[in-house]
Amino acid sequence: MLGAARYVAEDPGVAELYSYALLSAGYGTIFGFLHGAAMLDSAGVRPTEFLGMAVPWLNGMIAFLSDLAREAETKDYAGGDSSLEINLAALANIVVTSRAAGVDPGLHVPLLELVRGLVEQGHGADSASSVFEVMRARG
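Everything quoted here is computed from the prediction, not taken from an experiment.

Rules of the game
- Residues numbered from 1 in each chain as written.
- Predicted model: local features only at pLDDT ≥ 70, side-chain atom pairs only at ≥ 80, totals over all residues.
- Heavy atoms only, no water.
- Helix = DSSP H or I, 4+ residues; strand = E, 2+ residues; numbered from the N terminus.
- Buried < 20%, exposed > 50% of the residue type's maximum accessible area, 1.4 Å probe, protein only.
- Phe/Tyr/Trp six-rings, centres within 6.5 Å; stacked < 30°, edge-to-face > 60°.
- Axes fitted to C-alpha atoms, helices over the stretch in contact; angles between N-to-C directions.
- Parallel < 35°, antiparallel > 145°, perpendicular 65-115°, else oblique.
- Left-handed = near helix turned anticlockwise from the far one by under 90°.
- Contact = heavy atoms within 4.5 Å.
- Salt bridge = Lys/Arg side-chain N within 4 Å of Asp/Glu carboxyl O.

1. Digging into unusual backbone geometry
Then, number 1: A positive phi angle is found at Lys75, which is not glycine, with a value near 60°.
Then, number 2: The topology assignment puts Lys75 in the loop between α2 (47–74) and α3 (84–100).
Then, number 3: For Lys75, a relative accessible area of 42% translates into the label partly exposed.

2. Considerations on the packing of aromatic side chains
Then, number 1: Evaluated as defined, the whole model comprises two aromatic pairs.
Then, number 2: Each ring, one from Tyr27 and one from Phe31, has its centre 5.6 Å from the other, and the planes form 25°; the classification is stacked. In this pair, Tyr27 and Phe31 are both assigned in helix α1 (residues 12–41), four residues apart and thus about one turn of the helix distant.
Then, number 3: Classification of Tyr27 by relative accessible area gives partly exposed; the value is 46%.
Then, number 4: With 5.1 Å between their ring centres and 5° between their planes, Phe33 and Phe50 make a pair best called stacked. Remark: Phe50 occurs in helix α2 and Phe33 occurs in helix α1; sequence separation between them is 17 residues.

3. Examining the packing of α1 against α2
Then, number 1: Between α1 and α2, the shortest axis-to-axis distance is 10 Å and the interhelical angle comes to 135°. Classified by the interaxial angle, the pair formed by α1 and α2 is oblique. Two packed elements cross with a definite hand, and for α1 against α2 that hand is right-handed. Across from Thr29, Phe33, Gly36, Ala37 and Leu40 in α1, the residues of α2 making contact are Pro47, Phe50, Leu51, Ala54 and Leu58.

4. Structural notes on the environment of Gly28
Then, number 1: Positionally, Gly28 belongs in helix α1.
Then, number 2: Under the relative-accessibility criterion, Gly28 is labelled partly exposed at 48%.
Then, number 3: Sequence separation between Gly28 and Leu107 is 79 residues; the distance between their C-alpha atoms is 9.2 Å.

5. Brief notes about the environment of Ala89
Then, number 1: Along the chain, Ala89 turns up in helix α3.
Then, number 2: The spatial distance from the C-alpha of Ala89 to the C-alpha of Gly122 is 15 Å, given a sequence separation of 33 residues.

6. Observations concerning the pattern of salt bridges
Then, number 1: Applying the stated rule across the entire model yields four salt bridges.
Then, number 2: Among the salt bridges present, the one from Arg46 reaches Glu49, with a minimum N-O distance of 3.5 Å.
Then, number 3: Of the residues examined, Arg46 reaches a relative accessible area of 52% and is grouped as exposed.
Then, number 4: By relative accessible area, which is 39% here, Glu49 ends up partly exposed.
Then, number 5: Put simply, Glu113 and Arg116 hold a salt bridge, and the shortest N to O gap is 2.8 Å. Of this pair, Glu113 and Arg116 are both found in helix α4 (residues 109–123), three residues apart, which corresponds to roughly one turn of the helix.
Then, number 6: A relative accessible area of 42% places Glu113 in the partly exposed class.
Then, number 7: Judged by its relative accessible area of 29%, Arg116 is partly exposed.

What follows is the structure, given as structure tokens:
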């Protein structure tokens, strides 16, 4: 069981949004792990070997979510521990490395383009959480 049932709002549409928002976060984790496992598979590393390093890494990423949530909620993207500029470099390297390993980089290409666009607009020093402004609903 991934979670307990809980009341979130009088509007049932909010519960549905929670459901899909949780799936979105989960799919990002699952398919990101599988993409990484595919990259390592090209070097003969088994997915279960990768798991031993991925779980602690992902636990660290989960701990980082509170900072990202606070930045998105306050819309304070100055500084932060993970700038768009550094993430642009990392995403570009993931795409290049994936292709070199014969692995489809398609999972990361849209993220690369999103971050590249923000950096080109002059937001390179902003926190990675600033992508929230591009993703969130308008009006």
